[in-house]
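This is what each chain is made of:
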Amino acid sequence: MKILFASDIHGSALWCEKLLEFCEREKPEKLCLLGDILYHGPRNDLPEGHAPKEVIKLLNPLKNDIICVRGNCDTEVDQMVLEFPVLADYALLYADGLEIFLTHGHIFNPQNLPPLPNGAVMLNGHTHIPKAETVGGIYCLNCGSTALPKENSPHSCILYENGEFALADLQTGEYSTLLTLRI
């Protein structure tokens, strides 16, 4: 199974387009959006290419292929314009025998783990900084930010295939392996 995980588009049509171009090239079975889809948030500058209405037009046609969780900047108003569910605090996904917990990171994160079995994977965004760590037997992966990366990190997403989670740089197309699990 091939899955793409991305977070923190923050209304940037430019970076949403780059993410979808990456999707078109990789052809994942699912695109998992980990929150903060349309609004840039009061602490962030406007991202390059800020055009939330265009992001809506780009994502709605993919509604059957998207799994999305709510970020701290997502609201009921966003759900009124997006044609896929966006307001769940988390989602569980099972792929290749792995239990994968999807969340934004403002509620559940490596410092506040949900109840998961050892060997499960938790994916989040929120900090805008890619990271991979193991906490209490749980693999915690942060895909960084599609539109507003911080601390000199790349515009990024994570691609999963055959037990390997790889961070993808949306500008260069380069990958770096974050985690490889035996499946």
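Source: prediction; values computed, not measured.

## Points about helix H1 (residues 13-26)
- For H1, spanning 14 residues, the distance from its first C-alpha to its last is 20 Å, which sits close to the expected 20 Å at 1.5 Å a residue.
- The set of residues buried in H1 consists of Ala13, Trp15, Cys16, Leu19, Leu20, Phe22, Cys23 and Glu26.
- Where H1 is buried, its residues contact strand S1 (2-6), strand S2 (30-33), helix H2 (52-59), strand S9 (156-161), strand S10 (164-169) and strand S11 (175-180).
- Downstream of H1 by a residue or two, Lys27 has a phi angle that is positive, lying close to 55°.

## Digging into the environment of Gly105
- The topology assignment puts Gly105 in the loop between strand S5 (98-103) and strand S6 (121-124).
- Along the chain, Gly105 and Ile9 lie 96 residues apart, while their C-alpha atoms are 15 Å from each other.
- Apart from residues lying up to four places away in sequence, Gly105 is in contact with Asn124 and His126.

## Quick word on the environment of Asn112
- Tracing the chain through its elements places Asn112 in the loop between S5 and S6.
- According to the relative accessible area criterion, Asn112 is partly exposed, its value standing at 38%.
- At 2.8 Å, the side chain of Asn112 and the backbone oxygen of Ile107 are in polar contact.

## Some words on the pattern of salt bridges
- Counted according to the given criterion, the structure contains seven salt bridges.
- Among the salt bridges present, the one from Glu26 reaches Lys2, with a minimum N-O distance of 3.0 Å. Residue Glu26 is located in helix H1, and its partner Lys2 is located in strand S1; the two are separated by 24 residues in the primary sequence. The pair Glu26 / Lys2 is uniform in exposure class, with both members buried.
- Between Lys131 and Glu133 there is a salt bridge; the shortest N-O distance is 3.7 Å.
- Using a relative accessible area of 46% as the deciding quantity, one classes Lys131 as partly exposed.
- The class of Glu133 is partly exposed, set by a relative accessible area of 24%.
- Beyond isolated ion pairs, a larger network of salt bridges with shared partners links Lys2, Glu26 and Glu161.

What counts, and where the lines are drawn
- Residues numbered from 1 in each chain as written.
- Predicted model: local features only at pLDDT ≥ 70, side-chain atom pairs only at ≥ 80, totals over all residues.
- Heavy atoms only, no water.
- Helix = DSSP H or I, 4+ residues; strand = E, 2+ residues; numbered from the N terminus.
- Expected span 1.5 Å × (residues − 1).
- Buried < 20%, exposed > 50% of the residue type's maximum accessible area, 1.4 Å probe, protein only.
- Contact = heavy atoms within 4.5 Å.
- Polar contact = N/O pair within 3.5 Å; in protein donor to acceptor, adjacent residues only side chain to side chain.
- Salt bridge = Lys/Arg side-chain N within 4 Å of Asp/Glu carboxyl O.

Remember that the coordinates give geometry; whether it matters functionally is a separate question.
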